[in-house]
Amino acid sequence: MAMFVLRNFTRNMATAAKINNVVVIGGGLMGSGIAQVAAATGHNVTLVEMNDGLVEKAVGGIRKSLERVAKKQFKDDAAKGKQFVEGTLAKINGATKPESAVQGADLVVEAIVERMDVKHQLFTKLDEAAPAHTIFASNTSSLSIAEIGSVTKRQDRFGGLHFFNPVPVMKLLEIIRTDQTSDETFQALQGFGQQLGKACITCKDTPGFVVNRLLVPYMAEAVRLLERGDASARDIDTAMKLGAGYPMGPIELLDYVGLDTTNNILQGWHEKFPDNPLFVPIKTLQQLVSEGKLGVKSGEGFYSYKK
């Protein structure tokens, strides 16, 4: 029995160890963060963006992030800190042609816009270009993994890797397996997550997985409370911070996440599940988004962040 368990463990680790070359498609906050943690844990990373300017911007952002990490981790040894920054950056290459970038990939992580049609276009191209052994994963926070992967011929090598922002700081990684994700693929994704130092949980391919399935309706309900005039935004936030021990109130969290992001998630879920009252879009949210008030990133949402 012990030998069987050991053999299985060894085989699983061998499967996981195959992920050496990682391609990240999309150099925004999430993609850059994924590229950073993968490179910092010894993986060869190719970060793909639409043009050279965006690649440079993404790598510049990663450098700044690494320098912040180095200041904390190597505060008494500047030389080691510099070595950490330069060594990690040396593991990252930029690219602008996804089909070329994936030709030597063990794992491709997609972190582009949350639109099914755009994801389908991308994965159709990647499926033709990538080697047979390459595993595909999406960092989507709200779309169906199976539906994203349906355009490929490798649905057994397709799963979800849902990271959280900021990726270098947040410990959680949700690993999503569809009905067609093979055991070998799932074990490889788990091994990869563990190599990154993440706390990995497993979830079925259901709307929002675990965190967003609970979080988005919670934030939406807070806005409905506000719309009814039951309490002010500040009082709702104070209540949840001091009454429930949350580090941030739901209205503050909406501003941080992005009102457009949350609005899009609700809209998409409502279209697929029109009978679920938790997913009904919110007029206040729609109005603020139409006015360009998207939260922290635009300088104003429910609160103002203009200096």
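Residues numbered from 1 in each chain as written. Predicted model: local features only at pLDDT ≥ 70, side-chain atom pairs only at ≥ 80, totals over all residues. Heavy atoms only, no water.

Visitor: So what's going on with the confidence of the model for the protein? Residues and values would help.
Guide: When pLDDT is averaged across the protein, the result is 93; 94% of the residues are at 70 or more. In this model, residues 8-17 is a region of pLDDT below 50 whose contacts with residues beyond four sequence positions or in other chains number eight contacts. (pLDDT = per-residue confidence, 0-100. Contact = heavy atoms within 4.5 Å.)

Visitor: Which residues make up a nonpolar patch on the surface, and what values go with them?
Guide: Taken together, Met248, Tyr256, Val257, Val296 and Tyr305 make up a surface patch of nonpolar side chains, about 390 Å² in accessible area. Mapped onto the elements of the fold, Tyr256 is located in helix α11 (residues 250-257). Residue classification places Tyr256 among the partly exposed positions, given a relative accessible area of 42%. (Patch = residues over 30% accessible without salt bridge, like charges linked within 9 Å, V, L, I, M, F, W, Y side chains within 5 Å. Areas by Shrake-Rupley, 256 points an atom, 1.4 Å probe, with all protein chains shown as cover. Salt bridge = Lys/Arg side-chain N within 4 Å of Asp/Glu carboxyl O. Helix = DSSP H or I, 4+ residues; strand = E, 2+ residues; numbered from the N terminus. Buried < 20%, exposed > 50% of the residue type's maximum accessible area, 1.4 Å probe, protein only.)

Visitor: How would you summarise the packing of aromatic side chains if you had to cite specific residues and measurements?
Guide: Overall, the coordinates contain seven aromatic pairs when judged by the stated rule. Taken together, a centroid distance of 6.3 Å and an interplanar angle of 85° make the contact between Phe136 and Phe158 edge-to-face. Of this pair, Phe136 sits in strand β5 (residues 135-138) while Phe158 is found in strand β6 (residues 158-162), placing the two residues 22 residues apart along the sequence. The exposure class of Phe136 is buried, given its relative accessible area of 0%. The interplanar angle of 55° and the centroid separation of 4.9 Å between the aromatic rings of Trp269 and Phe279 together place this pair among those described as tilted. Of this pair, Trp269 sits in helix α12 (residues 259-272) while Phe279 sits in the loop between α12 and α13 (283-290), and the two are ten residues apart along the sequence. (Phe/Tyr/Trp six-rings, centres within 6.5 Å; stacked < 30°, edge-to-face > 60°.)

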